[in-house]
Amino acid sequence: MRKILSLALALCLALSCVAAFAEAGNTWSATEQGFGGEVTVTLTIEDGVLTDVAIDGPNETPGVGQMAVELMPGMMVNANSVEVDVVSGCTISSTAILTAAKAALEASGQTLGAAAPAEATAAAMTPGTYTGEAYGKWQKGSIEGERFGSPAIIEPTQVAVTVDESSILSVEVVSTSDTPGFTDPCVERIPAAIVENQSIAVDVVTGATLTSRAIINGVTQALEAAGANPADFMKPVPKADAEENYETDIVIIGAGAAGTMAAIEATEAGVDAIVLEKTGKLGGTSVCSTGFAGIQSQQQIEAGVADYTVDSAFRELMDFCKWRANGPLVYNILQVSGANADRLQAYWDQTDDPGITGVGVTAHDTGKGTMKFDVLYDKFLVPAGVNVMLETTARKLIVEDGAVVGVEAEKQDGTKVTVRAKKTLVCTGGFGGNDEMLRKYIGHDNFYLNGLSSNVGDGVNMCLEIGAILSDEVSPHLAEFCSNKKVDFYAGYMKFVNQAGFLALDPSGERFVNEEFFVTQALSYGASALRRVGYAYLVFTQEQLDAMTEKGLYGILSEETIDSLMLRKRILVPSYYTLKDEMEAALEAGEAWKADTLEGLGEAIGFADQEIYKKNIADYLTVLETGEDPLFGKRADMMPSLAEGPYYAVRVISAIDGTYNGIRVNENLQAVNSDYQPIPGLYVAGQDSGGFFSYPYYEGVGWTQGYAWNSGSVAAKHMIAAIQEG
Ligand SMILES: Cc1cc2nc3c(=O)[nH]c(=O)nc-3n(C[C@H](O)[C@H](O)[C@H](O)COP(=O)(O)OP(=O)(O)OC[C@H]3O[C@@H](n4cnc5c(N)ncnc54)[C@H](O)[C@@H]3O)c2cc1C
């Protein structure tokens, strides 16, 4: 049996297909790659009836893919079919389960009969109110949520569900620690949809999958407590069969910084605008940003940073990128940037949002959160007549006689929306959430995404489909901290371990960078070097792990060194108190290693050629001993000792905020075709558009966010002028 099984598996690996095999008389199994690892589905079939479905997927994400693992067996048994809907928000795991289940059924050679009527299988519930709870975006112990306005101590989202014997009477979200602004659309829509449809198979809110799942998972738990089989409530939710048609001057696709600034321009010019937004909230990735670049705003002039002019910024940026950026575009963006910072502040001054709370040479600090966007829409844009459609995904540009004349979209409930417009602005925030596009356009997907996973390149793809072309340097927007794909280092303090100067080795065991660059030139040198090698091992000692856990970076570097580095406040906290637990989790996941000696550490990691590793360790020990680094030139005050074990190595990859440089645009943000001619009617802004940046990213504060606001502005001004000229 074992032989047949391994032969089948080997054949499948060779053919890259699902592994399917018979296990016993009436059970059949198949295995497919899920989100975190393999999932195996075992079907038990007796006389054309699916009597049992078992799913083994231990590596699927708790609360997300695990819900598909838990719920889909019941759904399949109830339907007597392996063709059931995916569990909303768990598409990858669900699809893997469906594929494996279909393969197992095929291997069985059996045909499944009609399902028994649902009422016949539903278990009666004990009437009453039951509670359930589940973690959402922020997991237990996570410290990152606080920066986005969540409580310091994260509690699971709690729901209260009232039922009678057969139905759900009400669902209430009692409390949640998830991010303010992101939670609102989930709390508004999901409980009501569950009651209305008597189903927990309701759609998650795009852009807030984890918060949505926490509510649904809590309800699932409560239903179980009431005596129900949750699979009985996985009824498909019917899609609307409606159509809506609109005509407008400008249709804006994406309500991030670029789209919002375009809507402001339209409002001020008295031009009609419709904004389509895929998620349930406003602001896109732009709510994650702490600020944006602007040159010579009134606020900067008043703060005495007036020496840095548009001309000097222009020369600095163009020199930095060796003139690979689109000069006229860069100049146009810089020219409006100071005035736009002041314009935005003038709006925020009329609201409770403080807006810009500090300025630097380029920086305009806003702090994170959705409020800065919510107030712009609630107080100014919507009252002025801008039609904003949330949970409405643009799917396809409409082209007539070579010109873009609008867009086809779909609302979350299935309603088809057609917007015909004189001008169309695409600004959907790049494709950081699309691994396939990362592999295709950036070379690999070995990144941890710190931005929105719902930014999957819709805008870029829609433009490419109609003949637009990509800019030369489509790039990952690298972040300065490190992360990992299997263990979420970003939720805790492990992301800061690259800030201490620890030895960094590439996958072959070779030192590849001056480690101080992870701090001193984080994006252009440090993160770019890490991107090049794919992943790195950071090496430190038990004593250093203990010291960081107790005192944060102060446990490793002197105060004088830390002062000279001008680090962000959040790195300089008095203790990285979760670090040891994070290290335990990394060790358990096979993403960290521990050994008593450095030699043992190399063996534990399993470098293919231990000699390369040993030579690099020997060379680096000499660097530490002499305090001189002849090849890389690392500063001596960032060389933590490796004199005494035990030793740790942790695997880190680059984190990205998303991508930048997409569709090639001219200086007015018009998309161009392969003849470099503007495509009539089509503008692209924000991170969907390409030309302002090259690679690596400009060292400096706020350029992507600054570009997003200002590219929306420059594009809209050009569209409006064209519309007004008729
Ligand atoms: C944690 C973090 C911190 C950051 N900090 C900074 C910083 O301090 N300074 C800085 O300059 N930059 C920073 N950035 C980067 C910056 O936030 C982004 O580059 C910028 O917000 C991008 O703006 P955008 O308008 O292009 O895209 P977004 O703000 O992402 O807006 C795009 C919008 O389009 C919507 N959309 C997507 N597809 C569709 C579709 N098919 N139909 C309709 N709508 C769609 C999305 O839901 C989204 O709302 C940070 C990013 C992150 C993740």
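Residues numbered from 1 in each chain as written. Predicted model: local features only at pLDDT ≥ 70, side-chain atom pairs only at ≥ 80, totals over all residues. Heavy atoms only, no water.

Chemist: Provide a residue-level description of empty space enclosed by the protein, including the pertinent values.
Modeler: If you walk through the whole model with that rule in mind, you get 1 cavity of 30 Å³ or more. Of the pockets and cavities examined, the largest cavity occupies roughly 30 Å³. What lines the largest cavity is simply Ala293, Ile333, Leu334, Ser337, Phe692, Trp703, Gly706, Tyr707 and Asn710. Breaking the lining of the largest cavity down by element, the ones donating at least two residues are helix 10 (327-349) and helix 21 (703-725). With 4 residues, helix 21 is the single largest residue contributor to the lining of the largest cavity. In the lining of the largest cavity, the residues fall into 6 nonpolar, 3 polar and no charged. (1 Å grid on protein atoms, 1.4 Å probe; cavity = no way out; pocket = protein on both sides within 12 Å on 5 of 7 lines; lining within 4 Å. Points joined across faces, edges and corners; volume = space filled by probe spheres on them. Helix = DSSP H or I, 4+ residues; strand = E, 2+ residues; numbered from the N terminus. Nonpolar A, V, L, I, M, F, W, Y, C, P; charged D, E, K, R; others polar.)

Chemist: Mind laying out the site of the ligand, listing which residues take part and the relevant values?
Modeler: Inspection of the region around the ligand gives 38 residues, with Glu277, Thr285, Ser286, Asp458 and Gln705 positioned closest. Within the backbone of Gly283, one N or O atom sits 3.4 Å away from an oxygen atom of the ligand. When residues of the shell around the ligand are traced back to their parent elements, those giving at least two are helix 7 (257-269), strand 14 (392-400) and helix 21. Broken down by element, the shell around the ligand gets its largest block of residues, 4 residues, from helix 21. Looking at side-chain class alone, the shell around the ligand contains 10 nonpolar, 23 polar and 5 charged residues. (Near = heavy atom within 4 Å. Polar contact = N/O pair within 3.5 Å; in protein donor to acceptor, adjacent residues only side chain to side chain.)

Chemist: So what's going on with the packing of aromatic side chains? Which residues, and what values?
Modeler: Applying the stated criterion across every chain, the model contains 32 aromatic pairs. An angle of 90 degrees between the planes, with centres 5.7 Å apart, marks the rings of Tyr535 and Tyr537 as edge-to-face. Among the residues examined, Tyr537 registers a relative accessible area of 4% and is labelled buried. Between Phe607 and Tyr613 the ring centres are 4.9 Å apart and the planes differ by 25 degrees, which places this aromatic pair in the stacked class. Its relative accessible area of 2% is what places Tyr613 among the buried residues. (Phe/Tyr/Trp six-rings, centres within 6.5 Å; stacked < 30°, edge-to-face > 60°. Buried < 20%, exposed > 50% of the residue type's maximum accessible area, 1.4 Å probe, protein only.)

Chemist: Which residues make up the pattern of salt bridges, and what are the values?
Modeler: Applying the stated criterion across every chain yields a total of 27 salt bridges. Residues Asp619 and Lys615 are paired through a salt bridge, measuring 2.7 Å at the closest nitrogen-oxygen approach. In this pair, Asp619 and Lys615 are both assigned in helix 20 (residues 610-626), 4 residues apart and thus about one turn of the helix distant. It is possible to trace a salt-bridge network through shared partners that takes in Glu144, Arg147, Lys495 and Arg570. (Salt bridge = Lys/Arg side-chain N within 4 Å of Asp/Glu carboxyl O.)

Chemist: I'd like a description of the sheet that holds strand 6 (residues 157-163), backed by residues and values.
Modeler: With antiparallel pairing, the 3 strands of this open sheet are ordered in space as 5-6-7. Each edge of the open sheet is held by one strand with a lone partner, namely strand 5 (128-134) and strand 7 (168-175). Averaged over all neighbouring strand pairs, the angle between strand axes comes to 20 degrees, with direction disregarded. Across 7 bridges, the pairing between strand 5 and strand 6 is antiparallel. Residue pairing for strand 6: Thr129 is matched across the bridge by Thr162. Of the strands in this sheet, strand 5, strand 6 and strand 7 are in contact with helix 6 (residues 209-225), which crosses strand 5 at around 135 degrees. (Pairing = 2+ DSSP bridges. Axes fitted to C-alpha atoms, helices over the stretch in contact; angles between N-to-C directions. Contact = heavy atoms within 4.5 Å.)

Chemist: Describe the domain arrangement of the chain, with residues and values.
Modeler: One can read the domain layout of the chain as domain 1 (2-118), domain 2 (122-233), domain 3 (243-474 + 661-725) and domain 4 (486-656). On the side of domain 3, 12 residues touch domain 2, which itself brings 12 residues to the contact. Between domain 2 and domain 3, roughly 1000 Å² of surface is buried when both sides are summed, and carbon and sulfur atoms account for 60% of that area. The three residues of domain 2 that bury the most area against domain 3 are Phe148, Phe182 and Thr206, which together make up 46% of that side's buried surface. Between the two partners, domain 2 and domain 3, sit 1 salt bridge. Two residues, Glu391 and Arg189, come together in a salt bridge whose shortest N-O distance is 2.8 Å. Inspection of the region where domain 2 meets domain 3 yields 3 residue pairs in polar contact (both at pLDDT 80 or more). A breakdown of the residues in the side of domain 2 that touches domain 3 according to their chemical character gives 6 nonpolar, 3 polar and 3 charged. (Domains from an automatic or database assignment. Buried area = accessible area lost by both parts, 1.4 Å probe.)

Chemist: Lay out the packing of helix 2 (residues 65-79) against helix 3 (residues 91-108) with the relevant residues and their values.
Modeler: As a packed pair, helix 2 and helix 3 sit with axes 9 Å apart at the nearest point and diverge in direction by 40 degrees. In terms of axis orientation, helix 2 runs oblique to helix 3. The two elements helix 2 and helix 3 cross, and the hand of that crossing is right-handed. Listed contacts from helix 3 to Gly65, Ala68, Val69, Met72 and Met76 of helix 2 are Ser93, Ser94, Ile97, Leu98 and Ala101. (Parallel < 35°, antiparallel > 145°, perpendicular 65-115°, else oblique. Left-handed = near helix turned anticlockwise from the far one by under 90°.)

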